[in-house]
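# Secondary and tertiary structure notes
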Amino acid sequence: MAEVISMEDIRATASTLGIDVSNIDFDSIRLPPGEDFGITSDDDLHEEDPLEYDSGFGNIIVVDNLPVVPREKFEKLEGVVRKIYSQIGVIKEDGLWMPVDSDTQKTLGYCFIEYNTPQEAELAREKTNGYKLDRAHIFAVNMFDDFDRFMKVPDEWAPPETKPYTPGENLQHWLTDEKARDQFVIRAGSDTEVLWNDARHLKPEPVYKRAYWTESFVQWSPLGTYLATVHRQGAAVWGGATAFNRLMRYAHPQVKLIDFSPGEKYLVTYSSHEPSNPRDTHRVVLNVFDVRTGKVMRDFKGSMDEFSVGGAGGVSGVSWPVFRWGGGKEDKYFARIGKNVISVYETETFSLIDKKSLKVENVMDLSWSPADPILALFVPELGGGNQPARVSLVQIPSKEELRQKNLFSVSDCKMYWQSNGDYLAVKVDRYTKTKKSTYTGFELFRIKERDIPIEVLELENKNDKIIAFAWEPKGHRFAVIHGDSPRPDVSFYTMRSGSNTGRVSKLTTLKGKQANALFWSPAGRYIILAGLKGFNGQLEFYNVDELETMATAEHFMATDIEWDPTGRYVATSVTSVHEMENGFNIWSFNGKLLYRILKDHFFQFLWRPRPPSFLSPEKEEEIAKNLKKYSKKYEAEDQDVSMLLSEQDREKRKMLKDEWERWVNDWKRWHEEEKAERQRLRDGEASDEEEEYEAKEVEVEELLDVSEEVLSFDLDQE
Amino acid sequence: MRPILMKGHERPLTFLKYNRDGDLLFSCAKDHTPTVWFADNGERLGTYRGHNGAVWTCDVSRDSMRLITGSADQTVKLWNVETGAQLFTFNFDSPARSVDFSVGDKLAVITTDPFMELTSAIHVKRIARDPSQQTAESALVIKGPQGRINRAIWGPLNRTIISAGEDAIVRIWDSETGKLLKESDKETGHKKTVTSLSKAVDGSHFVTGSLDKSAKLWDSRTLTLIKTYLTERPVNAVTMSPLLDHVVLGGGQDASHVTTTDHRAGKFEAKFYDKILQEEIGGVKGHFGPINALAFNPDGKSFSSGGEDGYVRLHHFDPDYFNVKI
């Protein structure tokens, strides 16, 4: 590693070389790839694997509290110790050393064990610290390196230095954009790029671009403050007023998945590690970080099995996110589903509520209300149908059951919360009498009403398969795609019907739509019925207030659709699951294609989320009512921009044309000069284009055959 | 604009060429017989039989008397356009990829593929006025570029040869000495194989099409990059309108992937671009395989395209085309 050179030294060196340092743009200096001139980049996370380096004794452990034995018993004790410790990992040859007191010829009651890897040593320390050999001998196991470290602790306490407060950047600067634009991040090839969606200019405007910014994916925090990147050594978050600076790093070797809490206070990271013994299951490590301080608030370790119980848990791997965050935006609680238990933690102490988990036999699935600390649980049928399946709502932290519903002959359940937590829809797949097939119904819970009334909704055709379901964000309506796959129907329902507020009623059914996914605008009212994958990217922009189609379009092969957080624009993208057509389209909310960008190897498109609006619902309503008044200003701006654009366009075209004209004229001159030469090459024949081109139409008539035939013509009419 | 479908080839088309008067259209395909058609109504006039492999290119002399064809059977043949008689055969040790007559038709530049141990090469042959005087000797052989040379044409006044191929670099050679004069810049130039190269009527500029999904316009004298046309699919064929400032790009997905995707995904359209503004103007659909060959009638009033699907489509423009304003 190169020694650190102070700025003074650099200036001194520069002045001797006659270079003015102030004129150098240090950001423009690029090192050739693969060469760092011994300068370590501060982009890498250094805190990785603290066991690897230090003194190189990282794979040695010290086992204390062994019995003190005389010489005769030495072999036996060594055998016992070796047996215990070789179960955990491979002890190096001559890696076990039990010192003997030269005076008494007895052991000293401790020994050193050296493993091949620090990981094994760490594991051995974890597993055997506190191991009871017998009552009197409880092992105390430590890493060899730790001795050194703890010995160095100064005897006298020194108060930690208090750093003067420096105000940070405004991390929400992007919200103050004068043109009220939204940002998005795209990942294509090795580049990750943040752009403004400049819909007025019909093109994106770059904000920040960086190659190899992340090693697997990027993710916005739920309120849009941070952009998270994932690296081998851990995760990092980026943000800031003008550029994207790294704000914090979260060391977690081989991190695979990350998840923010909804209020973006905490970040959960996940990794799974190959076991040293292939018969064992993977080891799983989860860390919960405080996003702003970067501190680990709690870590969870265990085998893959412990973390993959419950509903969606597949054969391999856990169902992500392992921890579901609840209690609204305050990030108060998070819950995890285990075998027959639900563990709910609270973030004040990062421990289980009431110090114990919630016991629920066979629980399959859980989901939080997006707004309140209410958990919805699903327990399937037990004992071959003797004990019915049930869905229950549990209040946290009281763990009181608010409502419960028993369901019979159920094959599966899925829970859908409305975004304000006003309603919960449970999609229930039931067996028919013969148990050969299933049909689907909905149980609709009205959470905010007294006693939480439940309503049962069945589709008109009970045998229809449900392809998709979606609540209107902040609204009272929902959409369902049902029926058979090539041309299913789409129905809209409302939880409030005109006179009778307590009943669900159907608004309309659209027959035979090529759709398999629903995308509501985040502002409600508009929805896109999309036919992704099998349907080649059919899009229908539908207005649910007016119950009319605004536009139909197609983004061929589209794989993903995402509304911008304001509900003004929609992005449809083709990611690299397909080879061709990679890139994205930006549409207006009513289905007008604004622009189209193609990028090879396109991986991700994510709008930067916005925090919720500060406007009260009343104010919002008022604005909607007097939209004309408010929109005037923006319409004028729009017009100015379009004028400017066409002006610029004209100028650019004129410039290009002039440039071309100049070039062509130059050429003509050359060409003229060479005319004689060319003529010579053609043996004196008048040269090419100098001779006028003349098209003559020549009519050719060819007489093929002439024959005469006498036809008898009978005039007899009798 | 209803195209005339010319079905005469049994294998994918490789090259199309109009004669100078614009009344004849020569087509080459992977079947072994170059064919000549009436450029007006698409009627087949005749074929040139004798090759024993895919025919990659052809060129026709200014007086429409001679046809030269290059084939994968390792020969280049001279034909009598009118009778279809073989006049001469140049034998090579590897497939001939491209042929081009010089101004005055006294020279021809031929490129041969790398084959077995042989590297690719550019050969210059003298073409005798009288076929009986024709010899097989090369006036010049240029070697050097890596990989296949997909196209070599004559520069202004036959003083230079412009070549491009698999190594994505466009080169200008001295046609007397064989010295390399200019090379396109790696940064601004093509990133993948250059598949086609076509020059303007007056030879002032030429356009190259590449698998990197772009076409580029260059100055024939200085090899300055003038324009770049970006598209969404690999470009197999390029041509320029002699009448208007239009560039036409043809291409599509690699033929080996065609069966696995929808026909819309392949983008087998001939795309029209404004030569100066570099903006897309329109497209002509129809082929159900990638377009391998494009040619403009010298009068600029019709063009033809040849596809992997074995069809030649002859398009006479509607009057509207000539009024397109952007």
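Residues numbered from 1 in each chain as written. Chains lettered and ligands numbered in written order. Predicted model: local features only at pLDDT ≥ 70, side-chain atom pairs only at ≥ 80, totals over all residues. Heavy atoms only, no water.

Secondary structure assignment for chain B yields one helix and 28 strands. On C-alpha atoms alone, chain B measures out to a radius of gyration of 18 Å, which is about the 20 Å that the 2.2 N^0.38 rule sets for 326 residues. Dimensions of chain B, computed from C-alpha atoms along their principal axes, come out at roughly 50 × 45 × 40 Å. Taken across its 326 residues, chain B has 60% of its residues classed as buried. Sequence separation of 24 or more characterises 43% of the internal contacts of chain B that already satisfy a separation of 6 or more. As displayed, chain B has an accessible area near 13,100 Å², and 48% of this comes from carbon and sulfur atoms. Of note, chain B has its 40 positive side-chain charges centred 1 Å away from the centre of its 40 negative side-chain charges. (Helix = DSSP H or I, 4+ residues; strand = E, 2+ residues; numbered from the N terminus. Rg over C-alpha atoms; globule rule 2.2 N^0.38 Å. Buried < 20%, exposed > 50% of the residue type's maximum accessible area, 1.4 Å probe, protein only. Contact = heavy atoms within 4.5 Å. Areas by Shrake-Rupley, 256 points an atom, 1.4 Å probe, with all protein chains shown as cover. Lys, Arg positive; Asp, Glu negative; His and termini not counted. Charge placed at Lys NZ, Arg CZ, Asp CG, Glu CD.)

A separate point is the nonpolar core. I61, V63, V81, Y85, C111, I113 and Y115 of chain A are the most contacted members of the largest nonpolar core, which has 22 residues in total. Going through the elements one at a time, β1 (60-64), α2 (71-86), β2 (91-97), β3 (111-115), α3 (118-128) and β4 (140-143) of chain A are the ones with two or more residues in this core. Sorting elements by how many residues they give to this core places α2 of chain A first, with five residues. If we skip the residues at most four places from it in the chain, V81 of chain A touches L66, L96, C111 and I113 of chain A. Counting residues in hydrophobic clusters, the runner-up holds 18 residues, among them V664 and W667 of chain A together with A200 and L217 of chain B. (Core = buried A, V, L, I, M, F, W, Y, C linked by side-chain atoms within 4.5 Å.)

Right, let's talk about the sheet that holds strand β5 (residues 183-188) of chain A for a bit. Residue and element names in this part refer to chain A. Pairing within the open sheet is antiparallel, and its four strands lie in the order β7-β6-β5-β41. The open sheet terminates on both sides in strands that have one partner only, identified here as β7 (203-211) and β41 (602-607). Taken pair by pair, the neighbouring strands of this sheet meet at an average axis angle of 20°, ignoring direction. Relative to strand β6 (residues 191-198), β5 runs antiparallel, the two sharing six bridges. Pairing of F184 across the sheet is with L195, part of β6. (Pairing = 2+ DSSP bridges. Axes fitted to C-alpha atoms, helices over the stretch in contact; angles between N-to-C directions.)

As a further point, take the UniProt feature "domain: RRM" (unreviewed entry) in chain A. When the UniProt feature table is mapped to this numbering, "domain: RRM" (unreviewed entry) covers residues 59-146 of chain A. Between the end C-alpha atoms of residues 59-146 of chain A there is a gap of 12 Å, over a span that is 34% helix and 24% strand. (UniProt positions renumbered as here; feature names shortened; annotations may be inferred.)

Residues and elements named next belong to chain A. Annotation of chain A at the domain level lists domain 1 (60-151), domain 2 (362-458) and domain 3 (461-612). Of note, the centres of domain 2 and domain 3, computed from C-alpha atoms alone, are 26 Å apart. Between domain 2 and domain 3, the contact holds 17 residues from the first and 20 residues from the second. Across the domain 2/domain 3 interface, buried area totals approximately 1,600 Å², and carbon plus sulfur atoms make up 62% of it. Considering only the surface of domain 2 that becomes buried against domain 3, Y423, R446 and E455 emerge as the three largest contributors, covering 28% of it. Our count for the contact surface shared by domain 2 and domain 3 stands at one salt bridge. A salt bridge links E455 to R503; the nearest nitrogen and oxygen atoms lie 3.7 Å apart. (Domains from an automatic or database assignment. Buried area = accessible area lost by both parts, 1.4 Å probe. Salt bridge = Lys/Arg side-chain N within 4 Å of Asp/Glu carboxyl O.)

Any two side chains of opposite charge can pair, so long as their charged atoms come close to each other. This structure, assessed with the given rule, holds 45 salt bridges over all chains. Where K213 of chain B meets D600 of chain A, a salt bridge forms, and the shortest distance between an N and an O atom there is 3.2 Å. Of the two residues, K213 of chain B is situated in the loop between β19 (205-210) and β20 (214-219) and D600 of chain A in the loop between β40 (593-598) and β41; the pairing between them involves two chains. Of the charged contacts, one joins R171 of chain B and E183 of chain B as a salt bridge, the two residues approaching to 3.1 Å between their closest N and O atoms. Of the two residues, R171 of chain B is situated in strand β16 (residues 170-174) and E183 of chain B in strand β17 (residues 180-183); the sequence distance between them amounts to twelve residues. R171 of chain B gets classed as buried once you look at its relative accessible area, which sits at 9%. Residue classification places E183 of chain B among the partly exposed positions, given a relative accessible area of 43%. Sharing partners across several salt bridges, the network here consists of D177, R181, D198 and E205 of chain A.

Residue and element names in this part refer to chain A. Among the six residues in strand β39 (residues 583-588), six count as buried, and that is most of the element. Residue alternation in β39 divides its side chains into two sets, G583, N585 and W587 and F584, I586 and S588, and both sets are buried. Both strand β38 (residues 569-574) and β39 contribute to a ladder of six bridges, which runs antiparallel. Its bridge partner lying in β39, Y569 is registered against S588. Examined bridge by bridge, β39 and β40 share five bridges and lie antiparallel to one another. If you follow F584 over to β40, its bridge partner there is I597. What sits between β39 and β40 in their antiparallel hairpin is a turn of four residues, with G591 showing a positive phi close to 90°.

Time to look at unusual backbone geometry. Most of the time, phi is negative for any residue but glycine, and the peptide bond is trans. All names here are of chain A. Following I396, the chain continues to P397 via a peptide bond in cis, the omega torsion being 5°. For N536, which is not a glycine, the phi torsion comes out positive at approximately 65°. One can find N536 in the loop between β34 (526-531) and β35 (538-543). Located in the positive-phi region is H601, a residue other than glycine, with phi close to 50°. Relative to the helices and strands, H601 is located in the loop between β40 and β41. For H601, a relative accessible area of 51% corresponds to the exposed category.

Listed per partner, the contact involves 30 residues of chain A and 35 residues of chain B. On the chain A side of the interface with chain B, the three residues burying the most area are M580, W660 and W667 of chain A, jointly 23% of the side's total. Between the two partners, chain A and chain B, sit four salt bridges. Where chain A meets chain B, there are six residue pairs in polar contact (both at pLDDT 80 or more). Those elements that provide at least two residues to the side of chain A that touches chain B are β40, α7 (627-673) and α8 (675-681) of chain A. (Polar contact = N/O pair within 3.5 Å; in protein donor to acceptor, adjacent residues only side chain to side chain.)

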